[in-house]
Amino acid sequence: MTDVLDIDDLDPDELDAVLAEAAALKADVAANEPHAVLPERSLAMLFEQPSTRTRVSFEVGMTQLGGHAVFLGKEDIQLGRGEPIKDTARALARYVDAIMARVGDHDDLEALAEYADVPVVNGLSDEAHPAQTLADLLTVREQCGFDAEVAWVGDANNVGASFVVGAAMAGLDVSVATPEAYAFDESVFERAREYGAEPTVTHDPVEAVDDADVVYTDVWVSMADAENPEEKRETFYDGGFQVNEDLLAHGDDPAVMHCLPAHRGEEITDDVIESDAAIVWEQAENRMHAQKGLLVHLLNGD
Ligand code: CP
Ligand code: NVA
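Residues numbered from 1 in each chain as written. Chains lettered and ligands numbered in written order. Predicted model: local features only at pLDDT ≥ 70, side-chain atom pairs only at ≥ 80, totals over all residues.

Remarks on the pairing of strand E6 (residues 173-177)
Test applied: Working definition of burial: number of other C-beta atoms within 10 Å of the residue's own, with buried at 20 or more, exposed at 12 or fewer, and partly exposed in between, all C-beta atoms being placed from the backbone. Numbering goes from the N terminus for both helices and strands, where a helix is a DSSP run of H or I of at least four residues and a strand is a run of E of at least two. Two strands are counted as paired when DSSP detects at least two bridges linking them. Whether a crossover is right-handed comes down to one check: with the strands pointing away from the viewer, does the path from the first strand over the helix to the second run clockwise; if it does, it is right-handed.
Within E6, 4 of the 5 residues are buried, which leaves the element mostly enclosed by the surrounding structure. The pairing of strand E5 (residues 149-153) with E6 spans 5 bridges and is parallel. Paired with Val153 across the strands is Ala177, a residue of E6. In this fold, the crossover linking E5 to E6 by way of helix H6 (residues 158-169) has right-handed handedness. Relative to strand E7 (residues 200-202), E6 runs parallel, the two being bridged by 3 bridges. In the strand pairing of E7, Ser175 is matched with Thr200. Handedness of the E6-helix H7 (residues 186-193)-E7 crossover: right-handed.

Structure, rendered in structure tokens:
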């Protein structure tokens, strides 16, 4: 049984298999072909924080696969009144075939995975967002091919960490630009190097964007960020980390990605996100196809 708390809980062959399954399921949707391959299977969806894409894409995805998803907001269940997560895990595992959870603290996900004897999938924690990475890789392959150069520009956050490692696993060239004060932990690059990647790491966004086929950014202040958001925003503005037309002019007509929701006028401008370069809606759609691929892999062993 596999838990997917981060993208490298899959091995590269499994990642390829999930992305291939996702592409096949996406083709089924386009052709209106029924593909109810998870009949009578149930997914618990536990949310400690708000969500639009993760919640709807997992729920609709399970419906299309012939299964069922149960939405559990933290405050609606006994977890919100102090029931330990390890007890929640063991009870839920007696009802459902898999658990997807969005938590503020990655340790809570580890506890869920330890105590639930069904697969646990990370739907975002303070450290990682592997469900997003699956969709991101599917999107990069569709839009730019299998050997694209991708640049992460912005905060060293959950989405970025999983993407850098996942891109390395998928054989993409990766450049990373963060402010010095908000850099990735070296362990992220060590994980990427395990797959033969040698990420370019810089604090200069122009250097990262140079030659990139894809420029990817995310919010400067994440849901789990508590301290000094204004100071943080200022550092990113002053360092030139906003993805705007001026920055993109240093690249070779790159596609632009964002996991959404976006803060227009902060990490990305309105004109960029509304431009033809932006592939953010393809990314958002691919959340559903990619997660369906993952669920079929985890529950049917395909
Ligand atoms: N990208 C993403 O996870 O979006 P939601 O917060 O809307 O789920
Ligand atoms: N980095 C963002 C992603 C939201 C989907 C956050 O954690 O708030």
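Brief notes about the sheet that holds E7
Within a beta sheet, neighbouring strands are joined by backbone hydrogen bonds and run either parallel or antiparallel to one another. To keep it simple, the criterion reads: Fitting a line to C-alpha atoms yields each axis, with helices limited to the stretch in contact; the angle taken between N-to-C directions then spans 0 to 180 degrees.
The strand order E7-E6-E5-E8-E9 describes an open sheet built from 5 strands, whose pairing is parallel. The strands lining the two open edges of the sheet, one partner per strand, are E7 and strand E9 (255-258). This sheet shows a mean twist of 20° between the axes of neighbouring strands, independent of strand direction. Note that E5 and strand E8 (residues 214-217) share 3 bridges and pair parallel. By the bridge assignment, Trp152 is partnered in E8 with Tyr216.

Description of the site of ligand 2
Note the threshold: We call a residue near a molecule or strand when the C-beta position, derived from backbone atoms, sits within 6 Å of it. Only Asp, Glu, Lys and Arg are considered charged in this grouping, and only Ala, Val, Leu, Ile, Met, Phe, Trp, Tyr, Cys and Pro are considered nonpolar; every other residue, Gly among them, is considered polar.
Inspection of the region around ligand 2 gives Leu124, Asn157, Asn158, Val159, Asp218, Val219, Ser222, Met223, Ala224 and Cys259 as its neighbouring residues. In the shell around ligand 2, the residues fall into 6 nonpolar, 3 polar and 1 charged.

Observations regarding helix H9 (residues 229-238)
With respect to burial, H9 is a largely exposed element, only 1 of its 10 residues being buried. Positive backbone phi, approximately 75°, marks Gly240, located one or two places after H9.

So, the site of ligand 1
The full set of residues close to ligand 1 is Ser51, Thr52, Arg53, Thr54, Leu124, Gln132, Cys259, Leu260 and Pro261. In terms of residue class, the shell around ligand 1 is made up of 4 nonpolar, 4 polar and 1 charged.

Some remarks on the packing of helix H5 (residues 130-144) against H6
For clarity, the threshold we go by: What sets the label is the angle itself: under 35 degrees gives roughly parallel, over 145 gives roughly antiparallel, 65 to 115 gives roughly perpendicular, and the rest give oblique. With the far helix as reference, a near helix turned anticlockwise by less than a right angle produces a left-handed crossing, and one turned clockwise produces a right-handed crossing. By the convention adopted here, residues are in contact when the distance between their C-beta atoms, placed from the backbone, does not exceed 7 Å.
With their axes 9 Å apart at the nearest point, H5 and H6 run at an angle of 50° to one another. With respect to their mutual orientation, H5 and H6 come out oblique. Like other packed secondary-structure pairs, H5 and H6 cross with a definite hand, here right-handed. In this structure, H5 uses Pro130, Gln132, Thr133, Asp136 and Leu137 to contact H6, whose residues at the interface are Val159, Ser162, Phe163 and Gly166. Across the contact of H5 with H6, the residue classes break down as 4 nonpolar, 4 polar and 1 charged.

Notes on the packing of helix H2 (residues 53-64) against helix H12 (residues 280-300)
Packing of H2 against H12 brings their axes to within 9 Å, and their N-to-C directions diverge by 50°. Looking at the two axes, H2 sits oblique to H12. The hand of the H2/H12 crossing is right-handed. On the side of H2, the interface is formed by Arg53, Ser57, Phe58, Val60, Gly61 and Gln64, while H12 contributes Ala284, Arg287, Met288, Gln291, Lys292 and Leu295. Broken down by class, the residue content of the contact of H2 with H12 amounts to 5 nonpolar, 4 polar and 3 charged.

What to know about helix H1 (residues 12-30)
Threshold: Helix span is expected to be 1.5 Å times the residue number reduced by one. Note that the arc is defined by the directions from the helix axis to the C-beta atoms.
Under the 1.5 Å per step criterion, the end-to-end length of H1 is 27 Å for 19 residues, consistent within 8% with the ideal 27 Å. Those residues of H1 that fall on the buried side of the exposure criterion are Leu15, Val18, Leu19, Glu21, Ala22 and Leu25. Taken down its axis, H1 places every buried residue within 160° of arc, on the same side. The exposed set on the far side of H1, more than 90 degrees from its buried face, consists of Asp13, Ala27 and Ala30. Buried residues in H1 make contact with H5, H6 and H12.

Shape descriptors only; they carry no functional weight alone.
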